[in-house]
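Reading the structure
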Amino acid sequence: MKLSDLQYSYPEDLIALEPARPTRVMWVDSADQPVEISVAELLNKIPAGDVLVLNDTKVLKRRVFTADGLEILFLDQKIESTKHNTWSVLFPSKKFKVGDEIILPNQAKMILLEKGLPQKVKVVPELTEADFEKFGELPLPPYIQKAREGRHTVDDDDHWYQTAWADKAGSFAAPTASLHFSESDIESLEKKGVHVLKITLHVGLGTFLPVKAEDLDNHQMHGEVYQVDQAVWDKILSVQKENRGIWALGTTVTRTLETIARTGELSGESKLLLQVGSEFKIVNRLLTNFHQPESTLLALVAAFVGLGKTKACYQWAIARKFKLFSYGHLSVWVR
């Protein structure tokens, strides 16, 4: 699959700058022709006995701005001694050289140890969760910052950009398909007999780094940590044997379930890139947002229903002014 296959155009004013309410849903089933439905209608379409799988990850406040406006995303931490920490980070490091010191908002020193993607830095003294809660921000996608013409989050982002069931901290982006649903929505499904199950995948570089290789076979996915309980996996397999629907709420859930189906490992790192030609072994219902051009997320949707169908349905939604991307509207694809 080629990167150029995943290109499409859209008006900039369709980028959602806050959660689009009420949520509009593009429903696409085997009839191929998309239709617009409401969330209530969508919930009615999920029958008793089917499975709906959610991601219970929680987004970390790991985006930090220095006094002169340098933006740093703190990723993985390794404690190397009682006096300093080593971190993997992302920041525009072109003008810096190894050994340079950068002063953080709590007056700690960040020293560049290695360039690359990500970079490696040392922080003295140790950063704590209290530090990040005090001066960190949620890592909103850069296209939202650009469209808002402001680099900082607004106060409402603290709840807008977390799911209603966010529990296990560890993500650098929200599983945004879940932002369309409330706890009461999920409770209504459970009451009518839908098996609502939770898994964990911490969203990281594998999801949001841009693709630079023209041939997707040459794109290396960064690993994202996942964990699924044995009882959850057993229930999914039992429902699958009954030829019922396995509804994945988001691409992160999809990648997790499809990773386990390939590896047999209920925990580990997913580096799975799903693209046209990939086989889906578990998921047959996909609920997801509208994704950016040239992204691995769009490649996953194209793999699920076909490239031509994906692009035609996207153009249908754009013509009807559906809001796009993380805070945008929902699409549902049924195989």
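Every chain is numbered on its own, with residues counted from 1 as its sequence reads. Where local features are concerned, this predicted model is filtered to residues with pLDDT of at least 70; where side-chain atom pairs are given and counted, the filter is 80 or more; whole-chain, interface and lining totals use all residues. Side-chain numbers come from the whole structure's heavy atoms, not from hydrogens or water.

Within this scheme a cavity is a closed region of a 1 Å grid, computed over the protein atoms alone, that accommodates a 1.4 Å probe without allowing it to escape, whereas a pocket is open but has protein on both sides within 12 Å along at least five of seven lines; lining residues each have an atom within 4 Å of a point. Grid points are joined across faces, edges and corners, and a volume is the space filled by probe spheres set on the points. In the structure shown here, the tally under the stated rule is 1 cavity of 30 Å³ or more. Estimates place the volume of the largest cavity at around 40 Å³. With 3 residues, helix H9 (residues 296-305) is the largest single contributor of residues to the lining of the largest cavity. Any residue that is not Ala, Val, Leu, Ile, Met, Phe, Trp, Tyr, Cys, Pro, Asp, Glu, Lys or Arg is counted as polar, Gly included; the first ten are nonpolar and the last four charged. For the lining of the largest cavity, the residue count by class is 6 nonpolar, 1 polar and 1 charged. Every helix listed is a DSSP run of H or I at least four residues long, and every strand listed is a run of E at least two residues long, numbered separately from the N terminus.

What follows covers the side chain of Asp100. Considering the arrangement of structural elements, one finds Asp100 in the loop between strand E7 (85-90) and strand E8 (101-103). At 2.9 Å, the side chain of Asp100 forms a polar contact with the backbone nitrogen of Lys97. Once residues lying within four places of it in the same chain are set aside, the contact partners of Asp100 are Met110, Ile111 and Leu112. In the analysis that follows, any N or O atom pair within 3.5 Å is treated as a polar contact, provided that within protein one partner can donate a hydrogen and the other can accept it, and provided that, for residues neighboring in sequence, both atoms belong to side chains. Whether two residues are in contact is decided by their heavy atoms: any pair within 4.5 Å suffices.

This next bit is on the environment of Leu140. Summarising the element assignment, Leu140 is placed in the loop between helix H2 (129-135) and helix H3 (142-148). Note on exposure labels: buried denotes an accessible area under 20% of the residue type's maximum, exposed denotes more than 50%, and partly exposed covers the range between, all computed with a 1.4 Å probe on protein chains only. Judged by relative accessible area, which is 5%, Leu140 ranks as buried. Spatially, the C-alpha atom of Leu140 lies 19 Å from that of Glu294, the residues being 154 residues apart in sequence. Once residues within four sequence positions are removed from consideration, Leu140 is found in contact with Arg63, Gln145, Arg148, Thr153, Asp157, Tyr161 and Tyr327.

This part covers the sheet that holds strand E17 (residues 330-334). Strands were regarded as paired on the criterion that DSSP finds at least two bridges between them. In spatial order, the strands read E2-E1-E17-E16-E14-E3-E12-E13-E15; together these 9 strands make up an open sheet with mixed pairing. The sheet terminates laterally at strand E2 (35-37) and strand E15 (267-270), the two strands that pair on one side only. Looking at each pair of strands side by side, their axes are set apart by 25° on average, direction ignored. Where strand E3 (residues 51-55) meets strand E12 (residues 195-201), 5 bridges bridge the pair, whose relative direction is parallel. Each residue of the ladder has a partner; that of Asn55, found in E12, is Ile199. Contacting E3, E12 and strand E14 (246-249), helix H7 (residues 230-241) runs over the sheet at an angle of about 130° to E12. Between N-to-C directions, angles cover 0 to 180 degrees, with each direction set by a line fitted to C-alpha atoms, over the stretch in contact for helices.

With their axes 7 Å apart at the nearest point, H9 and helix H10 (residues 307-319) run at an angle of 115° to one another. By crossing handedness, the relation of H9 to H10 is classed as right-handed. Along the contact surface, H9 presents Leu298, Val301, Ala302 and Val305, while H10 presents Leu307, Lys309, Thr310 and Tyr314. Partitioning the contact of H9 with H10 into residue classes produces 6 nonpolar, 1 polar and 1 charged. Handedness of a crossing is defined here by the sense of rotation of the near helix relative to the far one, left-handed for an anticlockwise turn of less than a right angle and right-handed for a clockwise turn.

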